[in-house]
Every structure is written in C-alpha cells, then in structure tokens.
Amino acid sequence: MKERKPTGYVIYRGPSLLDGSPIVAIALVHSTNAKTGDMVQTYILRADENPLQAMMAGRDAAICGDCKHRPSTGGACYVNVGQGPNAVYKALERGNYPDATPEAVGLMVAGRMVRLGTYGDPAAVPVHVWQWLVAQAAGRTGYTHQWRNEALAGEHVAHLMDLVMASCDSEAEADEARAMGYRYFRVRANGGAVARGEFICPASNEAGKRKTCSTCGACDGSERGALKASPTIIVHGAKARRFIAIAAA
Ligand code: SF4
C-alpha cells in the first residue's frame, strides 16, 4: 500500500525564546484558508500542553509573549484556538508530524507562499528556523507583537523584522515602529483615517477582498526597505469592540 505523506512537519523543538518553556513549531504543507489562500501555514505551540488549556491559564505567554490580546488578560485575539491550533496539537500528539529540519521543509515548499505564525508569535522561535523555511519560498507573510520586547536579543529581533511586520494597534505604535525602521500592519477603528505611507489591505472588506495574502504578499517585513508602504485594516469580527478598547488602553 502506498504510504501517506505527512501533512506537516515539526521544524523546531526546544525552549521558547520568550520564556524558556518547551515549544514546537510545525509547518503544515497542505492547508486551506479563505483570507490567506494557498499558503504553507505554521503553528507555534507549547509542546507540553493543549493550546486551549495553556491559553486559559495564561501559559500561552510561551508562544505569545506579553501580547495584550491574549484572552487570559481580557484580550481579543482573533484566533479561534479551539479550532486550528487545537486540531494541530491533537495531530501532533497522534504522531502525525515527523521532525524535519527547516532546511528540508524549506526545499519541500520551494516556490510557495509561507505564513509565519498562523498561531503563535514567530519571535518565540530562533530566527534561523524561519530563514531556512522561507529561503526558497515565493514569498512570506508574518506579524509579531514582540517588536518592542527588550527581553529578546537585539540580533534576533533585527533579523526577525526583516521577515515579518510589526503588529500595531494605534497610530502611536505605528509611528514608533516606523521610527525604529520597521514596516508594520496597523489595525484601526471603523472610520479611522489611513495615514501617509499606508495602504488598505486588499484582502479586507473595505478593499472589496480583491486579493488573498498568497496573491498579495505585502506583509513580508522590512528586508526590502522600511520605506515601503505599510498596510492597515479596519478591525473586524466578533471581538472588534473589545479589540479597540484594549488597543486604546
Ligand atoms: S496587505 Fe496583503 S499580505 Fe498583508 S494581510 Fe493584507 S492581503 Fe495579506
């Protein structure tokens, strides 16, 4: 009988760079997502605990750091942890994802688009893992809320910011990111203005969902120049109101 190919691989097992807890990074080479389109998805999870349990207990700091949108601190994170992350963790427990080097998986996904941190902050994982994963890719998208985390090594953050966008929840944060030389992705309230040097995310409702992330690829960090424009989107979804209150706090 023909052996089934794995749908994903563990590309990192080790301590979180955010708090030292055991974590894994898993690259799913086959998955579907309406907003992103066909992209390789990556999940950063605690290795020792179901993500729902970790989230409720606040032990998701291992993979989210001090992000203000963590549910245990009253945040409004848009990720439904009971779905994708929980399903990926259960598949991990069943042994469905073999270990593979990020170099090897990077070759498997050559020519494809890769999303860094479908769940979890890419800052938790050594940056060389991501560099290898995207080395042959057609492009990448990714975001981090940890771009001001002074507990992280400066070199780690500098290389990471070449690959991913600074997540910003206000104009003040966007100004700060810009001053640090980072491109960013800014979430704004309904009616909020688009600032100079920003453009509306083409996958948004306000832009008529003209593209998906796999056809846009603009959220690829600062490597090609911090002067490149940064996207913005009106906050949406069931938790939008809470999100704005937290962002303004
Ligand atoms: S700007 Fe492009 S890559 Fe970034 S979130 Fe929007 S569609 Fe995706």
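For the structure given in this document, a descriptive report is provided here.

Basis of the calculations
- Residues numbered from 1 in each chain as written.
- Predicted model: local features only at pLDDT ≥ 70, side-chain atom pairs only at ≥ 80, totals over all residues.
- Helix = DSSP H or I, 4+ residues; strand = E, 2+ residues; numbered from the N terminus.
- Rg over C-alpha atoms; globule rule 2.2 N^0.38 Å.
- Buried ≥ 20, exposed ≤ 12 C-beta atoms within 10 Å, placed from the backbone.
- Contact = placed C-beta atoms within 7 Å.
- Arc of directions from axis to C-beta.
- Near = placed C-beta within 6 Å.
- Nonpolar A, V, L, I, M, F, W, Y, C, P; charged D, E, K, R; others polar.
- Pairing = 2+ DSSP bridges.
- Right-handed = clockwise from strand over helix to strand, strands pointing away.
- Core = buried A, V, L, I, M, F, W, Y, C linked by C-beta atoms within 7 Å.

**Looking at the overall build of the chain**
Step number 1: The helix and strand inventory of the chain stands at nine helices and nine strands.
Step number 2: Against the globule reference of 18 Å for 249 residues, the chain gives a C-alpha radius of gyration of 17 Å, in line with a compact fold.
Step number 3: Once the C-alpha set of the chain is aligned to its principal axes, its extents read approximately 60 × 40 × 35 Å.
Step number 4: Residue burial in the chain is summarised as follows: out of 249 residues, 41% are buried.
Step number 5: Sequence separation of 24 or more characterises 67% of the internal contacts of the chain that already satisfy a separation of 6 or more.

**What to know about helix α6 (residues 154-163)**
Step number 1: For α6, every residue scored as buried is listed here: Val157, Leu160, Met161 and Leu163. In an axial view of α6, the angular spread of the buried residues amounts to 145 degrees, which keeps them on one side of the axis. Opposite its buried face, α6 presents the exposed residues Gly154 and Glu155, each directed more than 90 degrees away.
Step number 2: Buried positions along α6 lie against β4 (113-119), α5 (127-134), β5 (139-144) and β6 (165-168).

**Concerning the site of the ligand**
Step number 1: The environment of the ligand is made up of Thr141, Cys201, Pro202, Ala203, Lys211, Cys213, Cys216, Gly217, Ala218, Cys219 and Pro231.
Step number 2: Here the shell around the ligand is composed, by residue class, of eight nonpolar, two polar and one charged.

**Re the pairing of β4**
Put simply, side chains in a regular strand alternate between the two faces of the sheet.
Step number 1: The buried fraction of β4 is high, at seven of seven residues.
Step number 2: Bridging between strand β3 (residues 40-46) and β4 involves three bridges; their strand directions are parallel. Its bridge partner lying in β4, Tyr43 is registered against Tyr119.
Step number 3: Taking the sense of rotation as the criterion, the β-α-β connection linking β4, α5 and β5 turns out right-handed.

**Things to note about the nonpolar core**
Generally speaking, soluble globular proteins have nonpolar side chains that are buried together.
Step number 1: By size, the foremost hydrophobic cluster in this structure holds 58 residues, and its most contacted members are Ile26, Ile44 and Ala124.
Step number 2: For this core, the element with the highest residue contribution is strand β2 (residues 22-28), accounting for six residues.

**Let's talk about the pairing of β5**
Step number 1: Most of β5 sits out of view: five of its six residues are buried.
Step number 2: In this sheet, β6 lies alongside β5 in parallel orientation, the contact comprising two bridges. In the sheet register, Tyr143 faces β6, and the bridge partner there is Met165.

In short, the description is geometric, and any link to function would need to be established separately.
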